[in-house]
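Analysis of the macromolecular model
As a plain string of letters, each chain reads:
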Amino acid sequence: MKKLFQTAAASFIAMAAATSYADEIKPAVVFDMGGKFDKSFNEGVYNGVEKFKSETGIEYKEFEVTNPSQREQAIRKMAQRGSNPIIGVGFAQEAAIAKVAQEYPDIHFTIIDAVVDLPNVQSVVFKEHEGSFLVGVLAAMASETNTVGFIGGMDIPLIQKFACGYAQGAKYVKGDASVLSNMTGTTPSAWNDPGKGSELAKSQFDRGADVIFAAAGGTGIGVYQAAKDAGKLAIGVDSNQNHLQPGTMLTSMTKQVDVAAYNTFKTAMEGTWKPGILSLGLAENGVDWALDDNNKSLITDAMTAKVKEAREEIVAGKISVHDYMEDNSCPSL
Amino acid sequence: MSSPNKTLPGWIDIGLIPLINIALAFLVSGFVIWLIGEDPIEAVKIMINGAFGYDEALGYTLYYTTNFIFTGLAVAVAFHASLFNIGGEGQAYIGGLGVGLLCLLLDQYVPLWVILPLAIIASGLFGAAWAYVPAYLQAYRGSHIVITTIMFNFIAAALMNYLLVNVLIARGSGSPESRVFEETAWLPFMHEIFAWFGAEITRSPLNLSIVLAGFASIFVWFFIWHTRWGYAIRMLGHNENAAQYSGIDTKRVIIGTMCLSGALASFVGINEIMGVHHRILLEFTAGYGFTGIAVSLMGRNHPVGIIIASLLFGALYQGGAELAFEIPTIQKEMITTIQGLVILFCGALAFMIRPTLERIFSNFTQENKTAVVE
C-alpha cells in the first residue's frame, strides 16, 4: 500500500515536472509610468500578454514603474529571478534595457517602441507615420471644409511622428488642405485629460476643421465626444476605437502593440524568438486603418479605392512617408 | 492647580506621537490589504525586508532618502519663515537642468573634482532663480506664494519638455533625453566607493549625493538656529509685524529664504542627474518635491526629524516597490494608498491623538503628585 502511494506520488511529481518543462518560459513585462491601464500603449501590451496568459495558462510577472530609477531596478530584478523573455514597454526603457541586457546575455529582452542594438534584444518599432498617412488620406477626403485637425497627447517626437504622417496623407490627396495640430500638454497627464481634449477639439472645429485625428491616449475620449456633439468626425488611435462613438468615428489608426507583445511570449515559448529589429509598418500589418460596421457608412468607395492605392504605393516604396523622428522635423506641417 | 497640565514632555511629542501615528497608518493599510484578500503580516514583512533586508534594498532606500532630505529641508526652511513652498518639484526640475547643462558643457574637458563644485553651484543658482520669481511676487506684489509656486511647477515641466524635445534631445534618439555625459561627470556610486576600500556591496543608485544631503542638513540646522539670518527667518515666521518693527527687512528675508529653499530642493538634480541617470531626462523628479512637504511636516521642520522622516519615506518607496513586485494583486495604486495613509496620519492628523495622550499623561502625573502629598 505504502509502495503504491509512493509510485503514485512519484508519477504525479514526474507528470508535474513534465508539464512545467513544456512551459518552461517564465515571461515578464515591465510597464512604464503611464501604468497598464493607460487606455493606450501600455494597455495594448497588457491586453496582449493577458491573451497569452488565458490561452496558455502561463503566468507572467509584471511591474509598473512609478519613477525613472525603477525602470532599471525592475528589469534587473526580473532578470535576477530568471524571467525570460522580458518585455520593456516604451521608449523610456531604452537605456535600462540596454544596460541590463548586457549584464544578462543569456536572457531574451524585447523592447517596444525603441531600438536597442544587442544580440539578446529584440526591438519592436512601428511605422506609425505610414498608418497615420492612410488615415490622413481618409480625413482629407471626408473633409468638406478642406481643413483637418490633429490632437496629440504629450508633446514628444513619437507623437509628432503621428502628426507628420497624417499631414502628409492629407496633403497627398488635397495639396491645399490645411492641417491644424495641437498637443494636449507637456506632462504625462496629457495622456489622460478628456476635458482638455474636448476643449481642443471644439477650438479646432471653430477654426474650420471637420475631421480630427486624436493620438492622445485617454484624452482622445473627450475628442470623440466633442466630435459627436458637434456632428463632426473623429479618428481613433492604437486600437480600433470605432465603437466608442458609432456614426461619428471616421476610422481608427491601429497599432498592433498587443500582437507584438503576444508574439514575443508566443515565439519565446515555441523557441522561435529572434533578436534584431522588427519594424512593423503597412507591409507587415503592424499598423492599419480600421473598417467595421460602425464606420462603413462613412467610408465611400472612392475613399476605399484611394486609400488602397496609397497603401499599395507605400508598400511598393513608390511613396516614401517622411518619418519625423529621422530628423525631428516635418516638411508638411 | 485647577487646570490640568496641558504640555507634554518632548519624548512624547516628537517620539511617541509619530510612532503611534505610523502604527495607525499601518493598521488601516493592513485592513485594506486584508480586504483585497492578502495577508497583511506577510505584506509588512515583505515591505520591511524589501526596504532594509539586504544591501541592494538598503541602497535604494537611502537613495530615495537622499531626495527626500533635500526637498524636506527646502520645505522646512521656507516654513520657518511661514512661507509654504509647494514649488520644490519645479525647483528640483530646473536645478537638474542646471546640473545637466553644466555637465554637457564641461564633461569632455575637466575632471569630476572641477565639475562637482560647479554643478552644485549651477544647481543651486537654477533652483534659487526658479524660486526667486514667486518670492519676489510674494514680497513686493502680494501674490500668494502657494499659488505662484504651484504654477511654477507647471511652467518648469513645460520648459523642460520643450528643451528636451526640441533642443537637448540626443541625435537619432526617439526618447526625449539629452546625450549621456562622459564618465568624468558621473558622481561615484556608493558601490564603487566601497569597492575602492575593498568592500563589496551590490549595485544600487545610492551615490555620493547622500553625503551632500548630510552636509545640507547640518548647514540648515546651523543656519536656522545659530545665525542672525536664521533668527530673522524665524522671527518673520512667528510674527511678521514684530519682525518689521524690530528692523528686519521682511521683503529681503522672504526672497532670501525662498532662494535658499529653492537651492536646497534643486540638489535633487545632483542626485538624479549626476548621480543616477547621467543625462537629462523627463520626469526625474517623480513627485519628490511634493513628498518633501509631508517629510518636513512629519520631521517638525527640524533637520534631525527630516532625516528620520526621509528614511521612513525612502523605506515606503522602496519597500512599496518590493511589495508590488512580490504580490501581483498589490498594484502601484495600493502602494500609493499606503503612502497616502502614512501622510494622512502623520501629517494631516498629526495631532489627532494628542488630546487623549495629554489627558492620560496629566492623570498619570496628578496621581503621582497626590501620592507624594499623601
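Rules behind the numbers
- Along every chain, residues carry numbers that run from 1 in the direction the sequence is written.
- All chains are assigned letters beginning at A, and all ligands numbers beginning at 1, according to the order in which they are written.
- Owing to the predicted nature of the model, reporting of local features is limited to residues with pLDDT of at least 70; listing and counting of side-chain atom pairs is limited to 80 or more, with chain, interface and lining totals taken over all residues.
- Here the side-chain values reflect all heavy atoms present in the structure, with hydrogen atoms and water set aside.
- It only takes one pair of heavy atoms within 4.5 Å for two residues to be counted as in contact.
- When two parts are put together, the accessible area they lose, computed with a 1.4 Å probe and summed over both, is reported as buried area.
- In what follows, salt bridge is the name for a side-chain nitrogen of Lys or Arg lying within 4 Å of a carboxyl oxygen of Asp or Glu.
- Here a Phe, Tyr or Trp ring, Trp counted by its six-membered ring, pairs with any other such ring whose centre lies within 6.5 Å, and the pair is stacked when the planes are under 30 degrees apart, edge-to-face when over 60, and tilted otherwise.
- A run of DSSP states H or I qualifies as a helix once it reaches four residues; a run of E qualifies as a strand once it reaches two. Both are numbered from the N-terminal end.
- Remark: exposure states derive from per-residue accessible area (1.4 Å probe, protein chains only) relative to the maximum for the residue type, with buried under 20%, exposed over 50%, and partly exposed in between.
- The rule for a charge over a ring is simple: NZ of Lys or CZ of Arg within 6 Å of the ring centre, and within 35 degrees of the ring normal.
- Here, two cysteine sulfur atoms that lie within 2.5 Å of each other are counted as a disulfide.
- Per the annotation, domain bounds derive from an automatic or database assignment of domains.
- In this description, strands pair whenever DSSP reports at least two bridges between them.
- Fitted lines through C-alpha atoms serve as axes, helices being fitted only where they are in contact, and the angles separating the N-to-C directions of these axes extend from 0 to 180 degrees.
- Polar contacts, as used here, are pairs of N or O atoms within 3.5 Å; protein pairs need one atom able to donate a hydrogen and one able to accept it. Residues neighboring in sequence count only if both atoms are side-chain atoms.
- Angle categories: roughly parallel below 35 degrees, roughly antiparallel above 145, roughly perpendicular from 65 to 115, and oblique for all the rest.
- Handedness of each helix crossing follows the sense of rotation of the near helix against the far helix: counterclockwise by less than a right angle gives left-handed, clockwise gives right-handed.
- Here the nonpolar group is Ala, Val, Leu, Ile, Met, Phe, Trp, Tyr, Cys and Pro; Asp, Glu, Lys and Arg are the charged ones; every other residue, Gly included, is treated as polar.
- Residue count minus one, scaled by 1.5 Å, sets the expected span of a helix.
- The predictor attaches a confidence to each residue, and that confidence, scored 0 to 100, is pLDDT.

As for the interface of chain B and chain A
Counting residues at the interface gives 36 residues for chain B, matched by 37 residues for chain A. On the chain B side of the contact with chain A, R203(B), F325(B) and K332(B) bury the most area, a combined 24% of that side's loss. The interface formed by chain B and chain A includes four salt bridges. With a shortest N-O distance of 3.3 Å, E103(A) and R203(B) are connected by a salt bridge.

So, the packing of aromatic side chains
In the structure shown here, the tally under the stated rule is 28 aromatic pairs over all chains. Measuring from centroid to centroid gives 5.1 Å for W130(B) and F152(B), while their planes differ by 65°, and the two rings are edge-to-face. With W130(B) in helix 5 (residues 112-141) and F152(B) in helix 6 (residues 145-167), this residue pair connects regions lying 22 residues apart in the sequence. Across the pair, exposure class does not vary: W130(B) and F152(B) are buried alike. Among the aromatic residues, those joined into a ring-pair cluster are Y60(B), Y63(B), Y64(B), F68(B), Y288(B), F313(B) and Y317(B). Here the guanidinium or amino end of K51(A) rests over the ring plane of Y262(A), the centre of that ring lying 4.1 Å away. Across from the ring centre of F325(B), 5.7 Å away, lies the NZ or CZ of K77(A), which sits over that ring.

A short note on the state of the cysteines
Residue and element names in this part refer to chain A. A full pass over the atoms with the stated rule returns one disulfide over all chains. Here C164 connects covalently by a disulfide to C330, the sulfurs 2.1 Å from one another. Residues C164 and C330 are joined through a disulfide that is right-handed, its torsion about the S-S bond being 90°. Highlighted residues: C164 in helix 6 (residues 157-173) and C330 in the segment after helix 11 (324-327), separated in sequence by 166 residues. Here C164 falls in the buried class, since its relative accessible area comes to 0%.

Let's talk about the domain arrangement of chain A
Residue and element names in this part refer to chain A. By the assigned domains, chain A splits into domain 1 (21-126 + 258-280) and domain 2 (128-255 + 300-327). Of note, the centres of domain 1 and domain 2, computed from C-alpha atoms alone, are 29 Å apart. Taken together, the eight residues of domain 1 in the interface contact eight residues of domain 2. Overall, the association of domain 1 and domain 2 removes approximately 760 Å² of surface from exposure, summing both partners, and the carbon and sulfur fraction of that is 56%. Seen at the junction of domain 1 and domain 2, the total is one salt bridge. Residue K255 pairs with D113 through a salt bridge whose shortest N-O separation is 3.3 Å.

A short note on the sheet that holds strand 4 (residues 109-112) of chain A
Residues and elements named next belong to chain A. Here six strands make up an open sheet; going across it, the order is 2-1-3-4-5-11 and the pairing parallel. What marks the edges here is a single partner per strand, and that holds for strand 2 (61-64) and strand 11 (276-280). Taken pair by pair, the neighbouring strands of this sheet meet at an average axis angle of 15°, ignoring direction. Note: strand 1 (residues 28-31) against strand 3 (residues 86-89), three bridges, orientation parallel. Paired with A28 across the strands is I86, a residue of strand 3.

Examining unusual backbone geometry
That bond from N84(A) to P85(A) is cis: its omega, 0°, falls within 30 degrees of zero. With respect to the secondary-structure elements, P85(A) resides in the loop between helix 3 (69-80) and strand 3. Even without a glycine there, the phi angle at N328(A) is positive, about 50°. As for its placement among the helices and strands, N328(A) is situated in the segment after helix 11. For N328(A), a relative accessible area of 26% gives the class partly exposed. With phi around 60°, S82(B) is a residue other than glycine that occupies positive phi space. When you line up the elements, S82(B) lands in the loop between helix 3 (55-80) and helix 4 (88-106).

A look at the side chain of K77(A)
Here K77(A) is to be found in helix 3. In this structure the side chain of K77(A) is engaged in a polar contact, spanning 2.5 Å, whose partner is the side chain of E322(B). Excluding anything up to four places from it in sequence, K77(A) contacts Y54(B), E322(B) and F325(B).

Observations regarding the packing of helix 2 (residues 41-56) of chain A against helix 9 (residues 257-270) of chain A
Residue and element names in this part refer to chain A. For the pair helix 2 and helix 9, the least separation of the axes is 7 Å and the interaxial angle reads 40°. As judged from the angle between their axes, helix 2 and helix 9 are oblique. Between helix 2 and helix 9 the crossing geometry is right-handed. Contacts from F41, G44, V45, N47, G48, V49, K51, F52, E55 and T56 in helix 2 reach V257, D258, A261, Y262, F265, K266 and M269 in helix 9. Split into classes, the residues belonging to the contact of helix 2 with helix 9 amount to nine nonpolar, four polar and four charged.

Examining helix 5 (residues 128-142) of chain A
For helix 5 of chain A, spanning 15 residues, the distance from its first C-alpha to its last is 21 Å, which sits close to the expected 21 Å at 1.5 Å a residue. Helix 5 of chain A sits mainly inside the fold: 14 of its 15 residues count as buried.

Let's talk about the confidence of the model for chain A
Low-confidence regions, as indicated by low pLDDT, have predicted coordinates that should not be scrutinised in detail. This prediction gives chain A a mean pLDDT of 89; 93% of its residues lie at or above 70. Segment residues 11-22 of chain A: pLDDT under 50, and zero contacts once partners within four positions in sequence are set aside and those in other chains are kept.

Brief notes about the sheet that holds strand 6 (residues 147-154) of chain A
Residue and element names in this part refer to chain A. The strand order across the open sheet formed by six strands is 7-6-8-9-10-12, and the pairing between neighbours is mixed. The open sheet terminates on both sides in strands that have one partner only, identified here as strand 7 (178-185) and strand 12 (287-289). Across the sheet, the mean angle from the axis of one strand to that of its neighbour is 15°, orientation sign disregarded. In this structure, strand 6 lies alongside strand 7, joined through seven bridges in parallel fashion. Bridge pairing in strand 7 places V148 opposite V179. The sheet strands contacting helix 8 (residues 220-230) are strand 6, strand 8 (211-215), strand 9 (233-238) and strand 10 (249-255), and the helix crosses strand 9 at an angle near 160°.

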